[in-house]
Amino acid sequence: MIEIFQYGFMQNALLAGGIASVLCGVVGIYVILNRLVFIGGGIAHSAFGGIGLGYLLGANPLIFAIIFSLATALGIGAVSERSKVSFDTAIGVFWAVGMSLGIVFVSKSPGRAPDLFDYLFGNILAVSYFDIKIISTLTLGMIVLVALFYKELLILSFDPLYGEALGLPVFRLRLLLLSMVALSVVVLIKIVGIILVIALLTIPGAIGRQHAKSLKGIMILSILLGISFVSAGLLASYHLNTPSGATIILAASGAFFVSTILAR
Amino acid sequence: MRGGDEEISSGGWGRDAGPVFMTDEPAVHIEDLSVRLGGRRVLEDINLRIKEGDFLGVIGPNGGGKTTLLRAILGLVKPERGKIEVFGRSPRAARKQIGYLPQKSLFDPKFPITAIEVVMMGRYATRGLIRRYTSQDLDSAREAISLVGMSEYADREIGSLSGGEQQRIFVARAIVSAPRLLLLDEPAAGIDSAKQVEFYELLGELNEKMTIIMVSHDISAVSAYVKKIACVSRKLYYHDSKELLAEDIEEAYRCPVEMIAHGVPHRVLRPHD
């Protein structure tokens, strides 16, 4: 069992999974408390447009995924705030536009798109050194943002109407939080894929919330949970010869069901 | 300018600060105010002058603009016409001197936050964006929690408290920066009637230190504890006293006063001349 961790790709995978777990722990609980789970799903799928464009232009798809997901996050935030379009309608539209653009771009790309499935379903074993650099930079940035805006994000999540009365820049903070969700989604795409991103972002926080009382406690617990899900899923996928992303999510959701029953 | 604000708003309660209300300047001065929301005129030609130290109860039918009036005083809605001054300044400039308890919000009862953390939120305006809370903020929060009689609940999760206990915590949050004006929107909502007396008595104590404007639909409860009463139904009916005219009430509620008079104690209604 130990020898499999001697492979370079396995070490990369664990390193990426560990860093991503820190990110999920720090950002995931805000997604849950602000009820942004569905938005996170929309942002993840819209990122596919960026991945398609990356293929078309022959550049790193992850870079364009960042641009697409950020634009979607800000777009959903602005459209639902400044127009009569409701939040979930805006999500639905951005979700579909991103996916369609991605499919069109990929179809026009020169040659085949060999690792397209890795982006859709995740392949933590294919994480490159460059990917790890992107993942750790974004995670570090996210920790800094949460540390800086801790008290503001708490008011925003708990009672935004009261925050407004305090003079809190509620709309801008909401855009900041949506952008953080967008960047987190990009980090997780390589690991579990677009379709499963939202599960990894929210399940550790959802379990953490059932057992820890404070926001910081939930963050720490969900980081530890995330690391164990990624490692357990990775090991299981190696031994059962199953896709890594889906196996990680199955480990996480299994734990979620057990925890929900225990927490009753 | 900013430094001066800091001193006022972070100066704590100052138990022995002597006379609290020293000026003749009105706490709130509203002139010819009209507010339009979503194409509908919610408030029209409002004129109101509230002295420092007053305790004004604002009643009125649902959708009559009570909450909008409070939000206008906070500077959260833009007037279509007219002028609002709070302590002689614009509502935004006076924001640090205003404490606010919004209408009971449906927050997540399992939100991972303790009572004292909720109270600390009220220190945001004093501290500002990005700056961390200091030990002074914590001291103020503890003092505010003790003032509302909730010290032993400080570290409990907000969701584990009863409706009345939660409202006390939200009052503590509203007064944690020692405001000169306290705006309360239906503060007794969710408090069972046995506990309401104690709660209104607490507000009476707070009124010794600050001007209070309280919105409520419960006319009889309001009339027993406030010093002045106003009625809002798009227009404002106010006579700088604790009495309203029967025709004011009839016009505001659009029904004969007998229909609602069972809820209106006689001390509120001034007899016809």
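Attention in this report is confined to the structure presented alongside it. Just so you know, the residues in each chain are numbered from 1, in the order the chain's sequence is written. Think of it this way: whatever chain is written first is A, whatever ligand is written first is 1, and the rest follow in order. Where totals are concerned, whole chains, interfaces and linings use all residues; where local detail is concerned, this predicted model gives features only for residues with pLDDT of at least 70, and gives and counts side-chain atom pairs only at 80 or more.

### Notes on the overall build of chain B
Under the DSSP-based scheme used, a helix requires at least four consecutive residues in state H or I and a strand at least two consecutive residues in state E, with every element numbered from the N terminus. Counting its regular elements, chain B contains 10 helices and 11 strands. Across the 273 residues of chain B, 41% fall into the buried class. A pair of residues counts as a contact when their C-beta atoms, built from backbone coordinates, are separated by no more than 7 Å. The long-range share in chain B, meaning contacts at least 24 apart out of those at least 6 apart in sequence, stands at 69%. The exposure label follows from counting other C-beta atoms within 10 Å of a residue's C-beta, where the C-beta atoms are placed from the backbone and the thresholds are 20 or more for buried and 12 or fewer for exposed, leaving partly exposed in between.

### A closer look at the overall build of chain A
A count of helical and extended segments in chain A gives 12 helices and zero strands. Taken over C-alpha atoms, the radius of gyration is set against a globule rule of 2.2 Å times the number of residues to the power 0.38. Its C-alpha atoms give chain A a radius of gyration of 18 Å, near enough to 18 Å, the size a compact globule of 264 residues would have. Taking the principal axes of its C-alpha atoms as reference, chain A extends roughly 55 × 45 × 30 Å. Taking all 264 residues of chain A together, the buried fraction comes to 50%. Put simply, of all contacts in chain A between residues at least 6 apart along the chain, 72% involve residues at least 24 apart.

### What about the interface of chain A and chain B?
With 20 residues of chain A at the contact, the number on the chain B side is 17 residues. For the side of chain A that touches chain B, the secondary-structure elements that each account for two or more residues are α7 (150-158), α8 (160-166) and α11 (215-240) of chain A. The element contributing the most residues to the side of chain A that touches chain B is α8 of chain A, with five residues.

### Considerations on the environment of Ala189 of chain B
Inspection of the secondary structure assignment puts Ala189 of chain B in the loop between β6 (181-185) and α7 (193-206). When the C-alpha atoms of Ala189 of chain B and Lys104 of chain B are compared, they prove to be 6.9 Å apart, with 85 residues separating the residues in sequence.

### Concerning the packing of helix α10 (residues 197-211) of chain A against helix α12 (residues 244-263) of chain A
Residue and element names in this part refer to chain A. Only C-alpha atoms enter the line fits that serve as axes; for helices the fit covers just the stretch in contact. Angles between N-to-C directions range over 0 to 180 degrees. Between α10 and α12, the shortest axis-to-axis distance is 10 Å and the interhelical angle comes to 20°. By the criterion of interaxial angle, the relationship of α10 to α12 is roughly parallel. Between α10 and α12 lies a crossing of left-handed hand. Counting all contacts with α10, which are made through Ala199, Leu200, Ile203, Pro204, Ala206, Ile207, Gln210 and His211, the residues of α12 involved are Ile248, Ile249, Ala252, Ser253, Ala255, Phe256, Ser259, Thr260 and Ala263. For the contact of α10 with α12, the per-class residue count stands at 12 nonpolar, five polar and no charged. Working definition: roughly parallel below 35 degrees, roughly antiparallel above 145 degrees, roughly perpendicular at 65 to 115 degrees, and oblique for all remaining angles. By definition, any crossing whose near helix is turned counterclockwise from its far helix by less than a right angle is left-handed, and any crossing with a clockwise turn is right-handed. Charged means Asp, Glu, Lys or Arg here, nonpolar means Ala, Val, Leu, Ile, Met, Phe, Trp, Tyr, Cys or Pro, and polar covers whatever is left, Gly included.

### A short note on the nonpolar core
Linking buried Ala, Val, Leu, Ile, Met, Phe, Trp, Tyr and Cys residues through C-beta atoms within 7 Å yields a set, and such a set is a nonpolar core. Core analysis: the largest hydrophobic core is formed by 165 residues, its most contacted members being Ala47, Val181, Val197 and Leu200 of chain A together with Val119 of chain B. What Val181 of chain A contacts, discounting residues up to four positions off in sequence, is Val27, Val31, Leu36, Ile39, Gly40, Ile43 and Ala73 of chain A.

### Quick notes on the sheet that holds strand β2 (residues 40-50) of chain B
Hydrogen bonds between backbone groups are what pair the strands of a sheet, and the pairing can be parallel or antiparallel. Residues and elements named next belong to chain B. Strands were regarded as paired on the criterion that DSSP finds at least two bridges between them. Pairing is antiparallel in the open sheet, where three strands are placed in the order β2-β1-β4. If you trace the sheet from one side to the other, it starts and ends with β2 and β4 (81-86), each paired once. Strand after strand, the sheet turns through a mean of 25° between neighbouring axes, direction not considered. In this sheet, β4 lies alongside strand β1 (residues 28-37) in antiparallel orientation, the contact comprising five bridges. Directly across from Ser34, in β4, lies its bridge partner Arg81.

### Some words on the pairing of strand β9 (residues 235-238) of chain B
Residues and elements named next belong to chain B. Of the two faces of β9, only the one carrying Leu236 and Tyr238 is buried; Lys235 and Tyr237 on the other face are not. Alignment of strand β8 (residues 228-233) against β9, held across four bridges, turns out to be antiparallel. By the bridge assignment for β9, Ser233 is matched with Lys235. In this structure, the hairpin formed by β8 and β9 is closed by a connection of one residue, where Arg234 is found at a positive phi of approximately 65°.

### Examining the packing of helix α3 (residues 61-82) of chain A against helix α9 (residues 170-192) of chain A
Residue and element names in this part refer to chain A. Closest axis-to-axis distance for the α3/α9 pair is 9 Å, and the angle between their directions is 150°. Comparing the axis directions of α3 and α9 gives the class roughly antiparallel. The two elements α3 and α9 cross, and the hand of that crossing is right-handed. Side by side, α3 and α9 meet where Leu62, Ala65, Ile66, Ser69, Leu70, Thr72, Ala73, Leu74, Ile76, Gly77 and Glu81 of the first sit next to Phe171, Arg174, Leu175, Leu178, Ser179, Val181, Ala182, Leu183, Val185, Val186 and Ile189 of the second. Grouping the constituent residues of the contact of α3 with α9 by class yields 16 nonpolar, four polar and two charged.

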